[in-house]
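A look at the structure
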Protein chains: 2
Amino acid sequence: MERKIPGHPATPRPVHARLAGLWLALLALPALAQEQDFLSSWNDGAAKARIVSFVESVTDPTGADYLPPAERIAVFDNDGTRWCEQPMYFQLAFIIDRVRALAPQHPEWQAQEPFRSVLAGDMAGVMASGEHGLLEMVAATHAGVTSEEFAALVADWLATARHPRFERPYTELVFTPMLELLAYLRANGFRTFIVSGGGIEFVRVFSERVYGIPPEQVVGSSIRTRHELRDGKPVIVRLPEIDFIDDKAGKPVGIQKFIGRRPVLAVGNSDGDFEMLEYTTSGPGPRLGLIVRHDDAAREYAYDRESPVGRLDRALDAAPRQGWGVVSIKSDWRVVYPDAGR
Amino acid sequence: MERKIPGHPATPRPVHARLAGLWLALLALPALAQEQDFLSSWNDGAAKARIVSFVESVTDPTGADYLPPAERIAVFDNDGTRWCEQPMYFQLAFIIDRVRALAPQHPEWQAQEPFRSVLAGDMAGVMASGEHGLLEMVAATHAGVTSEEFAALVADWLATARHPRFERPYTELVFTPMLELLAYLRANGFRTFIVSGGGIEFVRVFSERVYGIPPEQVVGSSIRTRHELRDGKPVIVRLPEIDFIDDKAGKPVGIQKFIGRRPVLAVGNSDGDFEMLEYTTSGPGPRLGLIVRHDDAAREYAYDRESPVGRLDRALDAAPRQGWGVVSIKSDWRVVYPDAGR
């Protein structure tokens, strides 16, 4: 409140008035979490406009679409949505490197598929072993160690492995616009979850450092575990049996199991995310579903309906009918990867 | 910007000085989360001193025991630790009321245990049906509905059911000192989880309202679920099969599965919490384990080694050796339940 004091043009405003102003500014902070501060790697276009309009509508306490912070749950797929998934899922690259590292202890693998193909560098042979072959490799490389030992193996691998095309650590191949979207959502009171078909304990190793997402906000596929005493100390031992597949219809199941509330925002990139998108956007009230479309062969990769990795076919056809936004990497993203000083 | 105005002794301190003071006060807020503001229902004694000393040591950035906020994970059992569990687990009271409500649709229950005993009010008969009988009742009362329908059933029950001795809603029989401890921990940067042998979807219905704990910070026992379309809308349907028992050695498994990090503070009250306490306190660095001892028949209940509900025997014997603190309801708690205006 301004108070005019005749003859004293320079007199400062009274203390209480200035404090009130400061408090108002502090109270207004959430409203300052505007998209221009966060989404600088997004080109102006329909996708960015959808996101901003959704966030502004659910955070406007005077609007019809207002959601209390408790209900602001956002779920994101990981492979192909938050980071690159080509030329193969990064976890598969980890599995292959682990098979190679463990091979000297397993001479029988020289004659046993899919290990023989992995060791011969025959990716077609690996792929031909199908789901059964993949589960064999998961059992061989993900089980038999404690959770803490497994996390250390993944951390060591992430520190040294390099992507074959970009020659960078895999954790640098996260999508900058997605990091910005996460920060923008959190600044607007959202809780942000990963809901990945990948292994929960694999993703948790880097989720906090790379995405700012703590382990308890990661949902993923898992193998069974058992509590055991080793040298008198309790540990969790990983067993060679599938516990839960967090893909397709498994994603809504995983969401209810781990998060316990229907999300209001879901982002995916493949048919494996169809049910998660549908589950999210079919709830009552304001909802947003987004699909990242890989259409940029120059800066990233271009693939959709025919790709064995990250196949996007049914969900792309359904997008207009379901009201899901499609994010084009080529036209919606000004930047794809963090610069990392290069 | 300071403006000196000669002849005006009442000129307030310069703006920047006052703003700096305000900012310092705001920055200092975490350090103001002292126990006297939070633990007023705790008597001064060894238990309170242990808690305060632990929290102060792990939050002192200059101390050897300092833990970054990411590692400040606290896990609490529910039945008997956060709320009363006598004369029977409250979820069992829900099950019994559901069996009664569903009985008209199940004439065969009149001749089928454990339903016959439930309907006859024969609790000894119910107990005699053992674990098999309990699972039969869980299947009959917890499955066949969607997750959202189940949550509504629990909410309706909580709104009307009354505890037989205290004649209050079950959600008013939470322990005030535990609510204070939760608030004290959160004010000191901890994330607080429930790790309950009870049903995860049962506890989630009231955890946010009663404890301020959102659904994703609840770990518990579960039945299997399935994604299904009903009238074209995706729902999660609850199936009559056990998925996971979050009790005894299941608690560390559930902690790793849902939280993904070894906690630094665990609170329980029975032998079902032994492995959770051991898993927590056997990690490196500062750790705190606490056992609530029910020794106050006047204000709550008194039971331990011989009790069929909340039996405390092995964990009590282990407490001194393991360094776990024992909290006596009788002597450590000035107040047991919220007053609720009575």
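A brief report on the enclosed structure follows. Since this is a predicted model, take the numbers as computed values, not measurements. (Residues numbered from 1 in each chain as written. Chains lettered and ligands numbered in written order. Predicted model: local features only at pLDDT ≥ 70, side-chain atom pairs only at ≥ 80, totals over all residues. Heavy atoms only, no water.)

1. Section: the pattern of salt bridges
Tallied over the full model, the rule gives 44 salt bridges over all chains. Residue D296(B) pairs with R299(B) through a salt bridge whose shortest N-O separation is 2.7 Å. Judged by its relative accessible area of 5%, D296(B) is buried. Here the salt bridges do not stand alone but share partners, grouping R224(A), E241(A), D243(A) and K257(B) into one network. (Salt bridge = Lys/Arg side-chain N within 4 Å of Asp/Glu carboxyl O. Buried < 20%, exposed > 50% of the residue type's maximum accessible area, 1.4 Å probe, protein only.)

2. So, the packing of helix α3 (residues 90–102) of chain B against helix α7 (residues 147–160) of chain B
Two quantities define a packed helix pair, namely the angle between the helix axes and the distance between the axes. Residue and element names in this part refer to chain B. Between α3 and α7, whose axes approach to 11 Å, the crossing angle comes to 100 degrees. Regarding the angle of α3 to α7, the classification is roughly perpendicular. Of the residues in α7, those touching α3 at F90, A93, F94, D97 and R98 are F150, L153, V154 and W157. (Axes fitted to C-alpha atoms, helices over the stretch in contact; angles between N-to-C directions. Helix = DSSP H or I, 4+ residues; strand = E, 2+ residues; numbered from the N terminus. Parallel < 35°, antiparallel > 145°, perpendicular 65-115°, else oblique. Contact = heavy atoms within 4.5 Å.)

3. Focus: the sheet that holds strand β6 (residues 288–293) of chain B
Hydrogen bonding along the main chain pairs the strands of a sheet, whether they run parallel or antiparallel. Residues and elements named next belong to chain B. Read across the sheet, seven strands follow the order β4-β3-β2-β1-β5-β6-β7 without closing on themselves; strand pairing throughout is mixed. Here the strands that pair on one side only, and so sit at the sheet edges, are β4 (233–244) and β7 (325–328). Across the sheet, the mean angle separating the axes of adjacent strands is 35 degrees when strand polarity is ignored. Note: β6 against β7, four bridges, orientation parallel. Bridge pairing links L290 to G325 in β7. Contacts from helix α2 (residues 46–59) reach β5 (265–268), β6 and β7, with the element oriented near 155 degrees to β6. (Pairing = 2+ DSSP bridges.)

4. Brief notes about the side chain of S147(B)
With respect to the helices and strands, the residue S147(B) is situated in helix α7. When its relative accessible area of 6% is taken as the criterion, S147(B) is described as buried. Each residue touching S147(B), except ones within four places of it in the same chain, is listed here: Q256(A), E201(B), I236(B) and R238(B).

5. Comments concerning the pairing of strand β3 (residues 218–230) of chain A
Sheet faces and side chains relate simply in a regular strand, where the side chains alternate between the two faces. All names here are of chain A. Examined bridge by bridge, strand β2 (residues 191–199) and β3 share three bridges and lie parallel to one another. The residue of β3 that forms the bridge with V195 is V219. As judged from the eight bridges shared by β3 and strand β4 (residues 233–244), these two strands associate in the antiparallel manner. Across the sheet, S222 pairs through a bridge with F244, a residue of β4. Where β3 folds back on β4, the antiparallel hairpin that results is connected by two residues, among which D231 adopts a positive phi of roughly 55 degrees.

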